[in-house]
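Chain by chain, the residues:
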Amino acid sequence: MIFILASCANREAKLQNYLKQNILDISLYRMENWLDYYNLKLDYFTDTLPLTERHPISVYYDLKSDSINLFNDFLIYSPDSNYCIDLDSYSLILEKDTNGELFSEGSEVDTEVGLIDIKHKKRIRVMFCGTESMPEEIQWISNSSFYILGFTKENNLVYPAIWIYDNKNNTSREIQSKKLIDLNGKNYVREKRLKAIRFK
């Protein structure tokens, strides 16, 4: 029994090191805000799934020629600004009223995490999901790697999750929290990340 506990503790320690390795000396405020909102700690994320090789779909997209896009203010840029991530335009219906204020009257069920390669003018589908998963926040940890912060639902239970995406090698790994959360009355996206938008 002591050996099993020690083995589990060692595995969790290695996982925490994996989560923290290769992080640039940059602010992690996005991840910290998300964790704080749900009263989570990074140490809770211990259940890791196998490394997955991705074969992403990409389409032509020139961000610089789309300067009037209402979603541009909500793009999340890599530290070197060569990439940015769009979490919202696929699912959210966004408009501007006569006073120039942004508002939304609804959203689609499906969600896409789109990685925009600014230099090579393409948009890459990193993640696509329905009601079973919900990406809510992005935390870049290097110029080519980032965390997708969100949750997955299984048998009416909500598991906080961190998907680690490596753009250079097109791989991802999901790590789930051992602590469940109750989403009743909570909406991180509307209350925090997109609080500049008026939701009807």
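Right above here is the structure, for reference.
Residues numbered from 1 in each chain as written. Predicted model: local features only at pLDDT ≥ 70, side-chain atom pairs only at ≥ 80, totals over all residues. Heavy atoms only, no water.

### Describing the overall build of the protein
So, step 1. Helices and strands together make up the secondary structure of the protein, namely three helices and 14 strands.
So, step 2. Classification of the 200 residues of the protein by burial places 47% in the buried group.
So, step 3. Considering only contacts within the protein whose residues lie at least 6 apart along the sequence, 57% involve residues at least 24 apart. (Helix = DSSP H or I, 4+ residues; strand = E, 2+ residues; numbered from the N terminus. Buried < 20%, exposed > 50% of the residue type's maximum accessible area, 1.4 Å probe, protein only. Contact = heavy atoms within 4.5 Å.)

### Details of the sheet that holds strand 6 (residues 92-96)
So, step 1. Read across the sheet, three strands follow the order 6-7-14 without closing on themselves; strand pairing throughout is mixed. Looking at the sheet topology across the chains shown, the edges are occupied by strand 6 and strand 14 (198-199).
So, step 2. With two bridges connecting them, strand 7 (residues 102-107) and strand 14 associate as parallel partners. Residue pairing across strands places Ser-104 opposite Phe-199, the latter belonging to strand 14. (Pairing = 2+ DSSP bridges.)

### A look at unusual backbone geometry
So, step 1. Of note in this structure, Lys-121 is not a glycine but carries a positive phi near 55°.
So, step 2. Along the chain, Lys-121 falls in the loop between strand 8 (111-117) and strand 9 (122-129).
So, step 3. The phi torsion at Asn-170 lies on the positive side, around 55°, for a residue other than glycine.
So, step 4. Tracing the chain through its elements places Asn-170 in the loop between strand 12 (157-166) and strand 13 (171-177).

### Description of the nonpolar core
So, step 1. Ranked by size, the top nonpolar core spans 20 residues in total, and within it Met-31, Trp-34, Tyr-38, Leu-40, Phe-45, Tyr-147 and Ile-162 carry the most contacts.
So, step 2. A per-element tally of this core places helix 2 (residues 29-37) first, with four residues.
So, step 3. Counting 17 residues, the second-largest nonpolar core is a separate cluster that includes Val-126, Ile-138, Trp-140 and Trp-163. (Core = buried A, V, L, I, M, F, W, Y, C linked by side-chain atoms within 4.5 Å.)

### Describing the pairing of strand 11 (residues 145-154)
So, step 1. Buried residues dominate strand 11, accounting for eight of its 10 residues.
So, step 2. As paired strands, strand 10 (residues 133-140) and strand 11 are joined by seven bridges and run antiparallel to one another. In the strand pairing of strand 11, Trp-140 is matched with Phe-146.
So, step 3. Of the pairings in the sheet, the one linking strand 11 to strand 12 comprises 10 bridges and is antiparallel in character. Bridging across to strand 12, Phe-146 finds its partner in Tyr-165.
So, step 4. Connecting strand 11 to the next strand, strand 12, in antiparallel fashion are two residues, including Asn-155 with a positive phi near 55°.

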